[in-house]
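Listed below are the residues making up each chain.
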Amino acid sequence: MRTRMLGRTGIEVSAYCLGTMMFGQVGNPDQDDCVRIIHRALDAGINFVDTADVYSYGETEEIVGKALRGRRDDVVLATKVNGVMGQGHNRSGSSRRWIIAEVEHSLRRLQTDYIDLYQVHHPDPRTDIEETLSALTDLVRSGKVRNIGCSSMPASEIVEAHWASERRGFERFRSEQPPYSILNRGIEREVLPVCERYGMGTLVWSPLAMGLLTGRHRKGRPSDAHAARMHWVPRHMTDEHKLDAVEQLLPVAEKAGLSLTHMAMAFAVAHPAVTSAIIGPRTMAQLEDLIAGAGTVLDDDVLDRIDEIVPPGTDLGALDVSHVPPALTDPTLRRRPSGDRTAA
């Protein structure tokens, strides 16, 4: 398993990061099996584990905590805060009130007294970035958190956060966790260059495009797992542009002597700004297949052909689960009141 430096933190992490979203009620409900999968990943050389408080509403963190007993010091452990955690107000977001409260819950579930990388799961337009950074800085200075990161942030907000940190003497975001795959390359335009400029590591999620780049979901030939994916990401699974691209990518992988899965994973870690690609196996068989391709390196001919099919910086279509800025979902944020429009 290859390793890279996590930005300029001095922390060495594996090029594959074990994502845990599929452990628990949402994916694999057998906790003992999930623990075995985590142990197998660690034995294979993966030392980077990413989770979140909101995964299965805390159950996933509990599974990770159970799996890391006796092995905690060998693992770079990342988790996230921001998602809705139960009924009532103020149980989500990036406010100081919630961050300070929720980190204690994550530490308890993870059975640890420190988190290596504590990440803001999504941008929170309701909260001043200085409020968020101030709370995270206090956690670093208390020793409960070693480094802080962000996820799904546009380049402009990453820059704003760094300016706020410099201006106020706060800890800086040391990593960003964006979506990235052959089918979704939009972060190549601004996010990855900005991360490089500020010395940030990147943990890219969905390198297999929610399963489309496994080769099991073909145009006009839905697989057994297709129904479940359709319930979760219907637009993504039926996007004609993406399905057409998959059909063009399959012969490229075959000519290179690779499975589409291995080619897609190798592509995700080929970019010099990418630190780790997050894998999200639900079963041991899925993990074994991903580990088998960990040493794959794509030559320029393959990368050139991929660029021809999906040009650099291109998103063939948004992921249903990607963060969408409020200005795109709330019409009132992009329309003047009707009286103003009439006067104009």
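Details of the structure are given in the entry above.
Reference entry: report on the structure contained in this document. (Residues numbered from 1 in each chain as written. Predicted model: local features only at pLDDT ≥ 70, side-chain atom pairs only at ≥ 80, totals over all residues. Heavy atoms only, no water.)

1. Looking at unusual backbone geometry
- We note that Tyr57 has phi near 50°; this positive angle belongs to a residue other than glycine.
- Following the sequence through the fold, Tyr57 ends up in the loop between strand S4 (48-50) and helix H2 (59-67).
- Given the relative accessible area of 57%, Tyr57 is considered exposed.
- Even without a glycine there, the phi angle at Gln111 is positive, about 55°. (Helix = DSSP H or I, 4+ residues; strand = E, 2+ residues; numbered from the N terminus. Buried < 20%, exposed > 50% of the residue type's maximum accessible area, 1.4 Å probe, protein only.)

2. Some details on the packing of aromatic side chains
- Tallying each qualifying case throughout the model produces 1 aromatic pair.
- Here Arg72 stacks its cationic end above the ring of Tyr114, 4.1 Å away from the centre of that ring.
- Stacked on the ring of Tyr114, the Lys or Arg Arg146 has its end atom at 4.1 Å from the ring centre. (Phe/Tyr/Trp six-rings, centres within 6.5 Å; stacked < 30°, edge-to-face > 60°. Lys NZ or Arg CZ within 6 Å of the ring centre and 35° of its normal.)

3. Quick look at helix H9 (residues 240-255)
- The end-to-end C-alpha separation of H9 is 24 Å, in line with the 22 Å expected for 16 residues at 1.5 Å each.
- Buried residues of H9: Lys242, Leu243, Ala245, Val246, Leu249, Leu250, Val252 and Ala253, and no others.
- For H9, the capping residue at the N-terminal end is Asp239, with a side-chain oxygen 2.9 Å from the backbone nitrogen of His241.
- Following H9 by one or two positions, Gly257 adopts a phi angle in the positive range, close to 75°. (Expected span 1.5 Å × (residues − 1). Polar contact = N/O pair within 3.5 Å; in protein donor to acceptor, adjacent residues only side chain to side chain.)

4. A few points about the environment of Gly313
- Summarising the element assignment, Gly313 is placed in the loop between helix H12 (300-309) and helix H13 (326-329).
- Residue class for Gly313 comes out buried when judged on its relative accessible area of 10%.
- Through-space distance from the C-alpha of Gly313 to that of Arg334 is 26 Å; in sequence the pair is 21 residues apart.

5. Comments concerning the pattern of salt bridges
- For the coordinates displayed, the defined rule picks out 16 salt bridges.
- In this structure, Glu61 engages Arg109 in a salt bridge whose closest nitrogen and oxygen atoms are separated by 2.7 Å. One end of the pair, Glu61, is in helix H2; the other, Arg109, is in helix H3 (residues 96-110), with 48 residues separating them in the sequence. Across this residue pair, the class does not change: Glu61 and Arg109 are buried. (Salt bridge = Lys/Arg side-chain N within 4 Å of Asp/Glu carboxyl O.)

6. Concerning the sheet that holds strand S9 (residues 201-204)
- Reading around the barrel, the 8 strands line up as S3-S4-S5-S6-S7-S8-S9-S10 and close back on themselves, with parallel pairing between neighbours. Going across the sheet, the axis of each strand differs from the next one's by a mean of 30°, ignoring polarity.
- Here strand S3 (residues 16-19) runs beside strand S10 (residues 276-279); their pairing, made up of 3 bridges, is parallel. Among the inter-strand pairings, Cys17 is bridged to a residue of S10, identified as Ile278. (Pairing = 2+ DSSP bridges. Axes fitted to C-alpha atoms, helices over the stretch in contact; angles between N-to-C directions.)

7. Things to note about the packing of H9 against H12
- The N-to-C vectors of H9 and H12 enclose an angle of 165°; their axes lie 10 Å apart at closest approach. In terms of orientation, H9 and H12 fall into the roughly antiparallel class. Seen from above, H9 lies across H12 with right-handed handedness. Here H9 contributes Ala245, Gln248, Leu249 and Val252 to the contact with H12, which in turn contributes Val302, Arg305, Ile306 and Ile309.
- Of the residues that constitute the contact of H9 with H12, the class distribution is 6 nonpolar, 1 polar and 1 charged. (Parallel < 35°, antiparallel > 145°, perpendicular 65-115°, else oblique. Left-handed = near helix turned anticlockwise from the far one by under 90°. Contact = heavy atoms within 4.5 Å. Nonpolar A, V, L, I, M, F, W, Y, C, P; charged D, E, K, R; others polar.)

8. Quick word on the packing of helix H4 (residues 129-142) against helix H5 (residues 155-168)
- With their axes 10 Å apart at the nearest point, H4 and H5 run at an angle of 60° to one another. The pairing of H4 with H5 is recorded here as oblique in orientation. The interaxial crossing formed by H4 with H5 has right-handed handedness. Across the interface between the two elements, Ile129, Glu130 and Leu133 from H4 touch Glu160, Ala161, Ala164, Ser165, Arg167 and Arg168 from H5.
- Here the residues of the contact of H4 with H5 sort into 4 nonpolar, 1 polar and 4 charged.

9. As for helix H10 (residues 260-268)
- By the criterion of burial, H10 is predominantly enclosed, with 9 of the 9 residues buried.
- All of the buried residues in H10 are Leu260, Thr261, His262, Met263, Ala264, Met265, Ala266, Phe267 and Ala268.
- Of the surrounding secondary structure, the elements contacted by the buried residues of H10 are S3, S9, H9, S10, helix H11 (284-292) and H12.

10. Some points on the nonpolar core
- Formed by 104 residues in total, the largest nonpolar core has its most connected members in Phe173, Leu183, Leu213 and Met263.
- Here Leu183 is in contact with Ala209, Leu212, Leu213, Lys242, Ala245, Val246, Leu249, Val310, Thr314, Asp315 and Leu316, once residues within four sequence places are set aside. (Core = buried A, V, L, I, M, F, W, Y, C linked by side-chain atoms within 4.5 Å.)

11. With respect to the pairing of strand S8 (residues 173-177)
- Burial of S8 is extensive: 4 of the 5 residues sit out of reach of the surface.
- Chirality of the crossover, the property in question, places the unit of strand S7 (residues 145-151), H5 and S8 among those that are right-handed.
- Sheet analysis places S8 next to S9, joined by 2 bridges and oriented parallel. Looking across to S9, one finds that Ser175 is bridged to Gly201.
- Handedness of the crossover joining S8 and S9 through helix H6 (residues 191-197) is recorded here as right-handed. (Right-handed = clockwise from strand over helix to strand, strands pointing away.)

Just geometry here; none of it tells us what the structure is for.
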